There are 2 protein chains.
Amino acid sequence: MIVSVDCAIFGFERELSIFLIKRTNPYFKNKWSLPGSIVFEDESLEDAAERTLYELSGLKNIYLDQVGAFGDPKRTKGARILTVSFMAIIDKSKYNLEPKVKNRTFISQTNEEELILSGKWFKLNEMPLLPQDHSEIAHTALKFLRQKFRYSPICFELLPEKFTLKELQDLYQAVYEVQLDPSNFRKKILKSNWLVELDEYSQQGSSRKARLYAFNMVLQEQGDEQEFVFDF
Amino acid sequence: MIVSVDCAIFGFERELSIFLIKRTNPYFKNKWSLPGSIVFEDESLEDAAERTLYELSGLKNIYLDQVGAFGDPKRTKGARILTVSFMAIIDKSKYNLEPKVKNRTFISQTNEEELILSGKWFKLNEMPLLPQDHSEIAHTALKFLRQKFRYSPICFELLPEKFTLKELQDLYQAVYEVQLDPSNFRKKILKSNWLVELDEYSQQGSSRKARLYAFNMVLQEQGDEQEFVFDF
DNA sequence: CCAAAAGTGTTACAAGTACACCCATGA
DNA sequence: TCATGGGTGTACTTGTAACACTTTTGG
C-alpha cells in the first residue's frame, strides 16, 4: 500500500486560517488541497511531514502533531493510498509561506511529475471544497486543534512572542467560536501561571497602550497532559 | 508499504485491564502482544480492526476508536510495517474473550503461518514488556482513553447496563488513579443528566442495598464534543 | 445491637459571571 | 474633552472539599 502524509497548517492573525496549495497531478489538478507527499521507504511519518511542510510551504521547526490515519480503500481513485494527517500551527504574521519545491515526481501507478503552482491562506469559513477526503481531514484536524487547545498550552505557537491579553483573548474566541468577557478572561488567565508580565507596551491602536505578555517557558518542559485544563 | 492494525482492548471489573494474545510468528514468538492483523487490500482500517477484534478475541460490535499511526521505519525487523492502532473498551464481566481463529497466514516477506495460542487479561500495572513498539502503542492508547474519558461518556461502555454509583466511582478512580469522596462524587454526577435512576437495587454486599442507575440514552445521540466535560 | 456501606446535609471557601467604574491615549 | 479600548473592583451566584450525621442491611 502507498502511504502519504497530509498537513493541515493553521495560522492565526485576528482569525484562524488554513494554508492550501494548488498543484498539478492526476488527482489534484487545479484544485486547492492540503500540502501532502508520499512517505519515502526509509523515512518516518514525522520526518515525511516535516519535509512536506518545508517543500510545500517553506516552514521549518514548527509545532506539529499527528492527527490520525485515513485509510478508506476508496478515498483515492487508482492505487490505494493511506494517508496520515498532521496538524501544524504558526503565527501567521511571522512567516510568508511559499512552496520551496516547484516540481516533484509523483509516485503512483503512472509516476508522473507534479507541478506545485502556489499556496494561499484561506479563512476557515471560506475554505473551498477540497478533493478526495481532504475536507474531512481538514475538519478532523480542526477538531483535534480545539481539543488539544484545552489541555496543552499550544496557543502560544499561534501568537508572537510578545502579545497583549486582547490578542490572546481573540485567539481563544476564534478557536472556540465564543465571546468572552475581557475582565473575566484577564482574571482567569492571569491567575494561571502561563504568562509572564513584561515591562513593555503595545504601540498599536489609538487608545491606551496595552501591556505585553510572554509565555512562561518553564511550563514547556513539563510535558502536556493534565496541568493545563483551560476551558471557557 | 505493509499496513497493519493493532488493538488495545481495555476492560473493567474493579480494575482496568488490557487483553493480550500470544502467538507464533517470526516477530512475536511466544511473547504477549497486542492483537493485530495485516489490513487487506480492499478493507478499510476500521473494518480491519473489527475483523481483528473478532478473530483474536471473539468481540463483535463494541466501542472502537482510532488512536493513531505508528510508522517508524525501524519499528519492525524485516519488511517495513506501518500500523494503525485502535482502542476498544468493554465491560469485562460481559464477555469471555478467546481467539476465534487459531491459525492465519502471516503476510510478510516469508509469508509463514502463525498460530494464535491464547489470550489473557493483564492488570495495567502487571502488563509485561511487549515486543516491537507494542508497549508504546499500549501506553498511547491508555492516554487516549483517559483523554476521551473527560469529554465523552464512554465510561458506560465499561460497565454493565445497570450499575451502582460505587461502581461508577471505582471506574473513575481506576482511570484517573485518584481517590474520590463518595458524597461529593454522588452530588456531582447526579447533577449532570448522564444517569437515569432505576427502581432496582443491587443484591450484592452484606450491607445496605445500593440503588442501580443506567446511562441516559438520550445523550448518546448528540455526538461527542463539548457537552461532556467531566473532570475530577 | 453492631459493623459496614449507602445516602443526606452542612459549612467554609474557591471560582465563575455580570457588571459598573476608573485610566491612558490620540484625535 | 471626548471616544475608545485598557484595566480594576465588586456583588452575586455557583461549584468544590471536607466531614459529620442518618439509614439500611446482614450477621
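All values reported here derive from a predicted model rather than from experimental measurement.

Colleague: Explain the sheet that holds strand S9 (residues 163-164) of chain B to me, using residue names and the numbers behind them.
Modeller: Residues and elements named next belong to chain B. Read from one edge to the other, the open sheet built from three strands follows the order S9-S11-S10, with strand pairing classed as antiparallel. Only two strands of the sheet have a single partner each, and these edge strands are S9 and strand S10 (195-201). Pairing of S10 with strand S11 (residues 211-215), which is carried by four bridges, proceeds in the antiparallel orientation. Each bridged residue has a counterpart across the sheet, and for Glu-197 the counterpart in S11 is Tyr-213.

Colleague: Residues and numbers for the interface of chain A and chain B, please.
Modeller: Taken together, the 27 residues of chain A in the interface contact 27 residues of chain B. Summing both sides of the interface, chain A and chain B together bury roughly 2,100 Å²; the carbon and sulfur share of this comes to 50%. Among the residues of chain A in contact with chain B, A:Met1, A:Arg80 and A:Gln147 are the three that bury the most area, contributing 24% of the side total. Remark: the boundary between chain A and chain B carries zero salt bridges. Our count for the chain A to chain B interface comes out at nine residue pairs in polar contact (both at pLDDT 80 or more). Mapped onto the side of chain A that touches chain B, the elements with two or more residues apiece are strand S5 (63-70), strand S6 (81-91) and helix H2 (134-151) of chain A. Its residues placed into classes, the side of chain A that touches chain B shows 12 nonpolar, six polar and nine charged.

Colleague: Please provide a residue-by-residue account of the packing of helix H2 (residues 134-151) of chain B against helix H3 (residues 165-176) of chain B, values included.
Modeller: Residue and element names in this part refer to chain B. Where H2 meets H3, the closest approach of the two axes is 10 Å, and the angle between their N-to-C directions is 135 degrees. With respect to H3, the axis of H2 lies oblique. Pair H2 / H3 crosses with left-handed handedness. For the pair formed by H2 and H3, the contact residues are Arg-146, Phe-149 and Arg-150 on the first element and Leu-171, Tyr-172, Val-175 and Tyr-176 on the second. Here the contact of H2 with H3 is built from residues that sort into five nonpolar, no polar and two charged.

Colleague: How would you summarise the side chain of B:Ser44 if you had to cite specific residues and measurements?
Modeller: Locating B:Ser44 in the fold gives a position in the loop between strand S4 (36-38) and helix H1 (45-57). A polar contact is formed between the side chain of B:Ser44 and the backbone nitrogen of B:Asp47, at a distance of 3.1 Å. In this structure, B:Ser44 is in contact with A:Gly71, A:Asp72, A:Pro73, A:Arg80 and B:Val39, ignoring residues within four places of it in sequence.

Colleague: Describe the nonpolar core, naming the residues involved and giving the relevant values.
Modeller: Ranked by internal contacts, the top residues of the largest apolar core, which has 48 residues, are A:Ile9, A:Leu82 and B:Leu82. When neighbours within four sequence positions are excluded, B:Leu82 is seen to be in contact with A:Val3, A:Leu45, A:Leu82, A:Val84, B:Met1, B:Ile2, B:Val3, B:Ser4, B:Ala69, B:Phe70, B:Gly71 and B:Arg75.

Colleague: Provide a residue-level description of the protein's contact with DNA strand C, including the pertinent values.
Modeller: The environment of DNA strand C is formed by 18 residues, the closest being A:Ser183, A:Asn184, B:Ser183, B:Lys187 and B:Arg211. Among all atoms of DNA strand C positioned within 4 Å of the protein, those belonging to sugar or phosphate total 61%. Within the side chain of A:Lys187, an N or O atom sits 3.2 Å from a base nitrogen of DNA strand C. Note that a phosphate oxygen of DNA strand C is positioned 3.1 Å from one of the side-chain N or O atoms of B:Arg186. No other element matches helix H4 (residues 182-191) of chain A, which puts four residues into the surface near DNA strand C.

Colleague: Go over unusual backbone geometry, please, and point to the residues and values.
Modeller: We note that A:Asn61 has phi near 55 degrees; this positive angle belongs to a residue other than glycine. With respect to the helices, strands and loops of the structure, A:Asn61 is situated in the loop between helix H1 (45-57) and S5. On the basis of relative accessibility, which here comes to 80%, the residue A:Asn61 falls in the exposed class. A positive phi is found at B:Gln132, a non-glycine position, where the angle reads about 50 degrees. By secondary structure assignment, the location of B:Gln132 is in the loop between strand S8 (113-123) and H2. Residue classification places B:Gln132 among the partly exposed residues on the basis of a relative accessible area of 30%.

Colleague: Just give me the short version of the pairing of S6(A), but keep the residues and values in it.
Modeller: All names here are of chain A. Within S6, 11 of the 11 residues are buried, which leaves the element mostly enclosed by the surrounding structure. The two faces of S6 match: Ile-81, Thr-83, Ser-85, Met-87, Ile-89 and Asp-91 on one face and Leu-82, Val-84, Phe-86, Ala-88 and Ile-90 on the other face are all buried. Here 11 bridges tie strand S1 (residues 2-13) to S6, and the two strands are oriented parallel to one another. Within S6, the position partnered with Ile-9 by the bridge is Ala-88. Relative to S6, S5 is paired through seven bridges, and the arrangement is antiparallel. Each bridged residue has a counterpart across the sheet, and for Gly-68 the counterpart in S6 is Ser-85.

Colleague: Tell me about the sheet that holds strand S11 (residues 211-215) of chain A, and please be specific about residues and values.
Modeller: Residues and elements named next belong to chain A. Taking strand neighbours across the sheet as the criterion, the three strands line up as S9-S11-S10 in an open arrangement whose pairing is antiparallel. In this open sheet, the two edge strands, each paired with only one partner strand, are strand S9 (163-164) and strand S10 (195-201). Bridge count for S9 against S11 is two bridges, and the pairing is antiparallel. In the strand pairing of S11, Phe-163 is matched with Tyr-213.

Colleague: Residue-level account of the relation of the copies chain A and chain B, with values.
Modeller: With an RMSD of 0.1 Å, chain A superimposes on chain B once it is rotated by 180 degrees and translated 0.0 Å along the axis. Such a turn and shift between the copies fits a two-fold axis. Comparing contact sets, 100% of the residues at the interface of chain A also lie at the interface in chain B, consistent with an isologous, same-surface contact.

Colleague: Quick one: what's the story with the confidence of the model for chain A, residue by residue and with numbers?
Modeller: Confidence along chain A averages 91 in pLDDT terms, with 95% of residues attaining 70 or more. Per-residue pLDDT, averaged within each element of chain A, yields its smallest value for helix H5 (residues 218-221) of chain A (70) and its largest for S5(A) (98).

Colleague: So what's going on with the packing of aromatic side chains? Residues and values would help.
Modeller: Enumeration over the complete set of coordinates arrives at 18 aromatic pairs over all chains. With centroids separated by 5.8 Å and ring planes inclined at 35 degrees, the aromatic side chains of A:Phe156 and A:Phe163 adopt a geometry described as tilted. The residues A:Phe156 and A:Phe163 share a single accessibility class, namely buried. Both rings, one in B:Phe149 and one in B:Tyr176, keep their centres 5.9 Å apart while their planes meet at 85 degrees; by these two values the pair is edge-to-face. Of this pair, B:Phe149 sits in helix H2 while B:Tyr176 sits in helix H3, and the two are 27 residues apart along the sequence. Comparing B:Phe149 with B:Tyr176, the two get one shared label, buried. Ring-pair connections join several aromatic residues into one group, and the members of that group are A:Phe149, A:Tyr172, A:Tyr176 and A:Phe185. A cation over an aromatic ring shows up here: B:Arg51 above the ring of B:Phe40, its NZ or CZ 3.9 Å from the ring centre. Seen from the ring of B:Tyr54, B:Lys60 lies directly overhead, with NZ or CZ sitting 4.7 Å from the centre.

What counts and what doesn't
Numbers given to residues run from 1 along each chain, matching the order in which its sequence is written. The naming scheme follows written order: chains are lettered A onward, ligands numbered 1 onward. Thresholds applied to this predicted model are a pLDDT of at least 70 for local features of residues and 80 or more for the giving and counting of side-chain atom pairs; totals over whole chains, interfaces and linings are not thresholded and use all residues. As a rule here, side-chain values come from all non-hydrogen atoms in the structure, and water together with hydrogens is ignored. By the convention used here, strands pair only if DSSP detects at least 2 bridges between them. Strands here mean DSSP runs of E at least two residues long; helices mean DSSP runs of H or I at least four residues long; both are numbered from the N terminus. By definition, residues are in contact when any of their heavy atoms lie within 4.5 Å. Computed with a 1.4 Å rolling probe, the buried area is the accessible surface lost when two parts are put together, summed over both parts. For salt bridges, the criterion is a side-chain nitrogen of Lys or Arg within 4 Å of an Asp or Glu carboxyl oxygen. As used in this structure description, the phrase polar contact means that two N or O atoms lie within 3.5 Å; if the pair is within protein, one of them must be able to donate a hydrogen and the other to accept it, and residues adjacent in sequence are counted only when both atoms belong to side chains. All amino acids are sorted into three groups, where Ala, Val, Leu, Ile, Met, Phe, Trp, Tyr, Cys and Pro are nonpolar, Asp, Glu, Lys and Arg are charged, and the leftover types, Gly among them, are polar. Whenever a helix is involved, its axis is fitted only over the stretch in contact; in every case the axis is a line through C-alpha atoms, and angles between N-to-C directions fall within 0 to 180 degrees. Every angle not falling under 35 degrees, over 145, or within 65 to 115 is termed oblique; those three ranges are roughly parallel, roughly antiparallel and roughly perpendicular. Helix crossings fall into two classes, left-handed where the near helix is turned counterclockwise from the far one by less than a right angle and right-handed where it is turned clockwise. Among buried residues, those of type Ala, Val, Leu, Ile, Met, Phe, Trp, Tyr and Cys that are joined through side-chain atoms within 4.5 Å constitute a nonpolar core. When accessible area is computed with a 1.4 Å probe and restricted to protein chains, residues below 20% of their type maximum are described as buried, those above 50% as exposed, and intermediate ones as partly exposed. Being near a molecule or strand, for a residue, means having at least one of its heavy atoms within 4 Å of it. For the least-squares superposition of copies, only C-alpha atoms count, and only for residues with pLDDT at least 70 in both. The pLDDT score gives, residue by residue, the confidence of the prediction method on a 0 to 100 scale. Only rings of Phe, Tyr and Trp enter the pairing, Trp through its six-membered ring, and a pair is recorded when the two centres are within 6.5 Å. The plane angle decides the type: under 30 degrees is stacked, over 60 is edge-to-face, the rest tilted. Counted as over-ring charges are cases with an Arg CZ or a Lys NZ within 6 Å of the ring centre that also lie within 35 degrees of the ring normal.

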